[in-house]
Amino acid sequence: MRQDDDFLQDDLDDEKTIEFIKNYLPQDLKDKFTDDEYYYFLDLIDEYYAQSGILDAQPDADGCIEIDLEKIVDYIVKEAKKDGMGDYDPEEILFIVQGEMEYADTLDGDE
């Protein structure tokens, strides 16, 4: 049963993240993507973090880890095309990646 609770919590976290991103986006992008696309983008962001080694990186003296947003955007655009999801504008995807990062920063402030 514990695993089911974890999945439900992950879904709730994703819903909150997507809602935050939608509010973060410029007005002309707010209705451009479907919820399924947002979930797909979040999955790719998580996949990138896991594969890139960012999660294992050591913070600098200020406690920060350098994350190259352009590399994440490139990864999403490349994977989306490969997966047949479509061709996405890197500038638009950058807003989504930035929104996800901003949301993560709000969570860090809660701790």
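Look above for the structure.
For every chain, the first residue of the written sequence is number 1, and numbering continues from 1 along that sequence. Two thresholds apply to this predicted model, a pLDDT of at least 70 for residue-level local features and 80 or more for giving and counting side-chain atom pairs, whereas whole-chain, interface and lining totals are computed over all residues. Heavy atoms throughout the structure, all of them, feed into the side-chain values; hydrogens and water do not.

### What about the nonpolar core?
Then, in step 1: Buried Ala, Val, Leu, Ile, Met, Phe, Trp, Tyr and Cys residues form a nonpolar core when they are joined through side-chain atoms within 4.5 Å. The cut-offs for exposure are 20% and 50% of the maximum accessible area for each residue type, with area from a 1.4 Å probe on protein chains only; residues under the lower value are buried, those over the upper are exposed, and the others partly exposed. Ranked by size, the top nonpolar core spans 24 residues in total, and within it Phe-41, Ile-76, Ile-93 and Ile-96 carry the most contacts.
Then, in step 2: Put simply, DSSP marks the helices as runs of H or I at least four residues long and the strands as runs of E at least two long, and each gets a number from the N terminus on. Within the residue set of this core, elements represented by two or more residues are α1 (2-24), α2 (35-52), α3 (69-82) and α4 (90-110).
Then, in step 3: The leading source of residues in this core is α2, at 8 residues.
Then, in step 4: For this analysis, residues touch if any pair of their heavy atoms sits within 4.5 Å. In this view, Ile-76 contacts Phe-41, Leu-44, Ile-45, Ile-93 and Val-97; residues no more than four positions away in its chain are not counted.

### Side note on α3
Then, in step 1: One less than the residue count of a helix, multiplied by 1.5 Å, gives the span that helix is expected to have. Look at α3: 20 Å from first C-alpha to last across 14 residues, which is about the 20 Å you get at 1.5 Å a residue.
Then, in step 2: Backbone nitrogen of Glu-70 and a side-chain oxygen of the N-cap are separated by 3.0 Å at the start of α3; the cap is Asp-68. Under the rule applied, a polar contact is a pair of N or O atoms within 3.5 Å (in protein, one hydrogen donor and one hydrogen acceptor; residues adjacent in sequence only if both atoms are side-chain atoms).

### Let's talk about the packing of α2 against α3
Helix-helix packing: each pair is described by the crossing angle between the helix axes and the interaxial distance.
Then, in step 1: Only the stretch in contact is used when a helix axis is fitted, and all axes are lines through C-alpha atoms; the angle between N-to-C directions ranges over 0 to 180 degrees. Between α2 and α3, the shortest axis-to-axis distance is 10 Å and the interhelical angle comes to 120°. One way to sum up the angle between α2 and α3 is to call them oblique. Two packed elements cross with a definite hand, and for α2 against α3 that hand is right-handed. The segment α2 lies against α3, with Tyr-40, Phe-41, Leu-44, Ile-45, Glu-47, Tyr-48, Tyr-49 and Gln-51 engaging Lys-71, Ile-72, Tyr-75, Ile-76, Glu-79 and Ala-80.
Then, in step 2: Three residue categories are used. Nonpolar comprises Ala, Val, Leu, Ile, Met, Phe, Trp, Tyr, Cys and Pro, charged comprises Asp, Glu, Lys and Arg, and polar comprises the others, including Gly. Looking at the contact of α2 with α3 residue by residue, the classes come out as 10 nonpolar, 1 polar and 3 charged. Our angle categories are set so that under 35 degrees counts as roughly parallel, over 145 as roughly antiparallel, 65 to 115 as roughly perpendicular, and the remainder as oblique. Here a crossing is called left-handed whenever its near helix is offset anticlockwise from the far helix by less than a right angle, and right-handed whenever the offset is clockwise.

### Regarding the packing of aromatic side chains
Two aromatic rings, taken as a pair, are described by how far apart their centres are and by the angle between their planes.
Then, in step 1: In this scheme Phe, Tyr and Trp rings, the latter by its six-membered ring, pair at centre separations within 6.5 Å, and the angle between planes marks the pair as stacked below 30 degrees, edge-to-face above 60, and tilted otherwise. A complete count under the given rule lists 7 aromatic pairs for this structure.
Then, in step 2: Judged by centre distance (5.1 Å) and plane angle (85°), the rings of Phe-41 and Tyr-88 are edge-to-face. Of this pair, Phe-41 sits in helix α2 while Tyr-88 sits in the loop between α3 and α4, and the two are 47 residues apart along the sequence.
Then, in step 3: For Phe-41, a relative accessible area of 1% puts it in the buried group.
Then, in step 4: Tyr-88 sits in the buried class, given a relative accessible area of 11%.
Then, in step 5: The interplanar angle of 55° and the centroid separation of 5.5 Å between the aromatic rings of Tyr-48 and Tyr-75 together place this pair among those described as tilted. Highlighted residues: Tyr-48 in helix α2 and Tyr-75 in helix α3, separated in sequence by 27 residues.
Then, in step 6: With a relative accessible area of 13%, Tyr-48 lands in the buried category.
Then, in step 7: What links up through ring pairs into an aromatic cluster is the set Phe-33, Tyr-38, Tyr-40, Phe-41 and Tyr-88.

### Quick look at the pattern of salt bridges
Then, in step 1: Salt bridges, as used here, are contacts in which a Lys or Arg side-chain nitrogen is within 4 Å of a carboxyl oxygen on Asp or Glu. Considering all chains together, one arrives at 5 salt bridges under this definition.
Then, in step 2: As a salt-bridge pair, Asp-35 and Lys-22 come within 2.7 Å of each other at their nearest N and O atoms. You can see Asp-35 sitting in helix α2 and its partner Lys-22 sitting in helix α1, a full 13 residues away along the chain.
Then, in step 3: On the basis of relative accessible area, Asp-35 is assigned to the partly exposed category, the value being 39%.
Then, in step 4: Given the relative accessible area of 22%, Lys-22 is considered partly exposed.
Then, in step 5: A salt bridge links Lys-82 to Glu-79, with the shortest nitrogen-to-oxygen separation between them at 3.2 Å. A residue pair is termed a helical-turn pair when its members lie 3 or 4 positions apart in one helix, as Lys-82 and Glu-79 do in helix α3 at 3 residues.

Read these as geometric descriptors, not functional statements.
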